[in-house]
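Letter by letter, the chains look like this.
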2 protein chains.
Amino acid sequence: MSDGTGRGQNLLFLTDEQLRQGSEAMFFAYRGFTADPDRILADLSYGRAHHRAIHFIHRSEGTTVNNLLAILGVTKQSLNRVLRTLIDDGLVESKVGTKDKRERHLFLTEKGAKLEQELSSSQRQRMRKAFRDAGPEAVHGFRQVLESMMDDDLRSLYKSIKDFE
Amino acid sequence: MSDGTGRGQNLLFLTDEQLRQGSEAMFFAYRGFTADPDRILADLSYGRAHHRAIHFIHRSEGTTVNNLLAILGVTKQSLNRVLRTLIDDGLVESKVGTKDKRERHLFLTEKGAKLEQELSSSQRQRMRKAFRDAGPEAVHGFRQVLESMMDDDLRSLYKSIKDFE
DNA sequence: TAGGATAAGTCAGCGTTGTTGACATTCCAA
DNA sequence: TTGGAATGTCAACAACGCTGACTTATCCTA
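This write-up is about the structure you can find in this document. Since the structure is predicted, the reported quantities are computational estimates derived from the model, not experimental observations.

**Concerning the interface of chain B and chain A**
Right, so step 1: On the chain A side, the residues contacting the 62 residues of chain B number 63 residues.
Right, so step 2: Regarding the contact of chain B and chain A, the summed buried area is about 6600 Å², with carbon and sulfur atoms giving 64% of it.
Right, so step 3: It is Phe28, Arg132 and Met149 of chain B that lose the most area in chain B upon contact with chain A, and together they represent 10% of the buried surface on that side.
Right, so step 4: Of the charged contacts, one joins Arg59 of chain A and Glu24 of chain B as a salt bridge, the two residues approaching to 2.9 Å between their closest N and O atoms.
Right, so step 5: Remark: the boundary between chain B and chain A carries 21 residue pairs in polar contact (both at pLDDT 80 or more).
Right, so step 6: For the side of chain B that touches chain A, the secondary-structure elements that each account for two or more residues are helix H1 (16–43), helix H2 (48–59), helix H3 (65–72), helix H5 (110–134), helix H6 (136–149) and helix H7 (152–162) of chain B.
Right, so step 7: When residues of the side of chain B that touches chain A are assigned to their parent elements, the largest contribution, 19 residues, is made by H1 of chain B.
Right, so step 8: Grouping the constituent residues of the side of chain B that touches chain A by class yields 29 nonpolar, 15 polar and 18 charged.

**A word on the relation of the copies chain B and chain A**
Right, so step 1: In the superposition of chain B on chain A (RMSD 0.1 Å, axial shift 0.0 Å), the rotation amounts to 180°. The transformation just described matches what one would write down for a two-fold rotation axis. The C-alpha atom lying nearest the rotation axis in chain B is that of Phe142 of chain B; the distance is 1.8 Å.
Right, so step 2: Comparing interface residues between copies, 100% of those in chain B also lie at the interface in chain A; the contact surface is shared.

**What to know about the protein's contact with DNA strand D**
Right, so step 1: Around DNA strand D, the structure places 26 residues, and the nearest of them are Gly47, His50, Arg52, Thr75 and Arg81 of chain B.
Right, so step 2: When the atoms of DNA strand D within 4 Å of the protein are sorted by group, sugar and phosphate make up 53%.
Right, so step 3: Contact distances for DNA strand D include 3.3 Å between a phosphate oxygen and a backbone N or O atom of Gly47 of chain B.
Right, so step 4: Note that a phosphate oxygen of DNA strand D is positioned 3.0 Å from one of the side-chain N or O atoms of His50 of chain B.
Right, so step 5: Only helix H3 (65–72) and helix H4 (76–88) of chain A together with H2 and helix H4 (76–88) of chain B provide two or more residues apiece to the surface near DNA strand D.
Right, so step 6: Tallied by class, residues from the surface near DNA strand D come to three nonpolar, 11 polar and 12 charged.

**Some words on the protein's contact with DNA strand C**
Right, so step 1: The immediate surroundings of DNA strand C are formed by 24 residues, with Gly47, His50, Arg52 and Arg81 of chain A together with Lys76 of chain B found nearest.
Right, so step 2: Put simply, 59% of the atoms of DNA strand C that lie within 4 Å of the protein are in sugar or phosphate.
Right, so step 3: At a separation of 3.2 Å, a phosphate oxygen of DNA strand C approaches a polar backbone atom of Gly47 of chain A.
Right, so step 4: With respect to DNA strand C, the side chain of Arg102 of chain B contributes an N or O atom lying 2.8 Å from a base oxygen.
Right, so step 5: Listing elements by their share of the surface near DNA strand C, those giving two or more residues are helix H2 (48–59) and H4 of chain A together with H3 and H4 of chain B.
Right, so step 6: Taken together, the residues that form the surface near DNA strand C break down as three nonpolar, 10 polar and 11 charged.

**Concerning helix H5 (residues 110–134) of chain A**
Right, so step 1: With 25 residues, H5 of chain A ought to run about 36 Å at 1.5 Å a step, and its terminal C-alpha atoms sit 35 Å apart, in line with that.
Right, so step 2: Just past H5 of chain A, the residue Gly135 of chain A takes up positive phi, approximately 90°.

**Some remarks on the environment of Gly112 of chain B**
All names here are of chain B.
Right, so step 1: Considering the arrangement of structural elements, one finds Gly112 in helix H5.
Right, so step 2: Here the alpha-carbon distance between Gly112 and Val92, two residues 20 residues apart in the chain, equals 6.1 Å.
Right, so step 3: Contact partners of Gly112, with chain neighbours within four places excluded, come to Ile54, Gly90 and Leu91.

**Observations concerning the packing of H2 of chain A against H1 of chain B**
Right, so step 1: For the pair H2 of chain A and H1 of chain B, the least separation of the axes is 13 Å and the interaxial angle reads 135°. In terms of orientation, H2 of chain A lies oblique with respect to H1 of chain B. Along this stretch, H2 of chain A crosses H1 of chain B, giving a crossing that reads as left-handed. From H2 of chain A, Arg52, His55, Phe56, His58 and Arg59 of chain A reach across to H1 of chain B, where they touch Arg20, Glu24, Phe27 and Phe28 of chain B.
Right, so step 2: Looking at the contact of H2 of chain A with H1 of chain B, its residues break down into three nonpolar, two polar and four charged.

**Side note on H7 of chain B**
Right, so step 1: Taken together, the buried positions of H7 of chain B are Leu154, Arg155, Leu157, Tyr158, Ile161 and Lys162 of chain B. In an axial view of H7 of chain B, the angular spread of the buried residues amounts to 165°, which keeps them on one side of the axis. For H7 of chain B, the exposed residues lying more than 90 degrees away from the buried face are Asp152 and Asp153 of chain B.
Right, so step 2: Those residues of H7 of chain B that are buried are in contact with helix H1 (16–43) of chain A together with H2, H3 and H6 of chain B.

Rules and cut-offs
- Residues numbered from 1 in each chain as written.
- Chains lettered and ligands numbered in written order.
- Predicted model: local features only at pLDDT ≥ 70, side-chain atom pairs only at ≥ 80, totals over all residues.
- Heavy atoms only, no water.
- Contact = heavy atoms within 4.5 Å.
- Buried area = accessible area lost by both parts, 1.4 Å probe.
- Salt bridge = Lys/Arg side-chain N within 4 Å of Asp/Glu carboxyl O.
- Polar contact = N/O pair within 3.5 Å; in protein donor to acceptor, adjacent residues only side chain to side chain.
- Helix = DSSP H or I, 4+ residues; strand = E, 2+ residues; numbered from the N terminus.
- Nonpolar A, V, L, I, M, F, W, Y, C, P; charged D, E, K, R; others polar.
- Least-squares fit on C-alpha atoms with pLDDT ≥ 70 in both.
- Near = heavy atom within 4 Å.
- Expected span 1.5 Å × (residues − 1).
- Axes fitted to C-alpha atoms, helices over the stretch in contact; angles between N-to-C directions.
- Parallel < 35°, antiparallel > 145°, perpendicular 65-115°, else oblique.
- Left-handed = near helix turned anticlockwise from the far one by under 90°.
- Buried < 20%, exposed > 50% of the residue type's maximum accessible area, 1.4 Å probe, protein only.
- Arc of directions from axis to C-beta.

Here is the structure:
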């Protein structure tokens with residue numbers, strides 16, 4: 001795993017203070033990251049769980065409940081509650097699988113797609129500003145560190161859906 | 001704010017796909033970020049709120065309740081519930097202010113400091129690995145992007161406590 | 001010194017979102 | 001045809017946000 005530059009980055013000395021600042025940066029930044037969608041969701045008496053479900057149904061149209069469970073990392077009971085309200089409210093459609101009829105394939109309705117747009121565009125706006133302010137090299141580093149911070153199984157999941165399109 | 005390189009980084013074109021990948025990286029990385037402390041906390045029937053309180057009391061020993069409220073961004077009722085259990089369990093000590101007797105100054109007990117160490121060291125371990133794997137330039141970019149992503153008031157707060165020591 | 005402001009704590013109630021456990025239904029595949 | 005997988009549902013519970021109302025103690029200022 002040597003980087004071959006001779007700068008010894010694998011031996012990089014990191015103080016507890018530097019690492020603590022990294023943790024706090026994550027904490028405060030995540031607050032900002034979720035702030036804009038949270039405001040929109042509050043008016044609809046939805047929460048982040050609804051947002052996450054909507055996001056991943058949009059990005060993987062027709063995904064199954066089981067697949068969604070793996071991505072979101074929650075119990076089926078927890079997801080089911082969220083999914084049921086979204087279906088009842090006419091934002092998500094659940095279609096029985098054709099090949100395997102046990103499976104349910106999830107889709108956003110027009111109404112659901114509209115909310116997804118609203119949520120993601122508010123979040124993208126902040127992300128775009130942050131990316132532009134920090135510059136391309138910083139963005140590259142940002143993504144490198146985040147990837148390294150993931151659990152192994154989540155990283156493979158992330159990478160597998162990252163280049164889906 | 002021109003970077004002077006002539007590459008026009010302020011006009012950086014960012015596709016929705018790139019921004020979405022940034023969002024998803026934040027989502028999956030934050031899961032990893034909290035995973036290790038979460039496991040420790042679960043055994044003690046504590047949650048993330050307890051961790052956050054312990055963290056910021058440790059880093060700003062003797063802080064007041066009001067100050068902690070501002071940092072954590074929750075209501076006084078919500079913090080009070082967490083603080084009460086921590087005090088009852090002998091992890092946190094609350095001392096009446098000497099200058100202003102209305103204030104309560106918060107300290108970790110020996111027991112509290114021990115748990116703090118356990119929590120922060122598990123989180124630091126992951127952060128250290130991520131920082132080393134990604135390298136110093138990446139770490140710099142990581143922090144730049146996270147800072148840009150914060151709300152203005154949280155960024156000033158973050159910066160003000162960042163260089164406290 | 002009286003009265004308003006501030007810091008903290010408390011009670012009651014509610015909502016979202018996570019958990020476990022138990023159980024029914026449907027359907028595919030060996 | 002039977003076992004297991006996928007799904008859905010019910011109940012109960014816990015963590016942790018929230019609002020609103022209220023008390024107590026203290027401080028500061030007019």
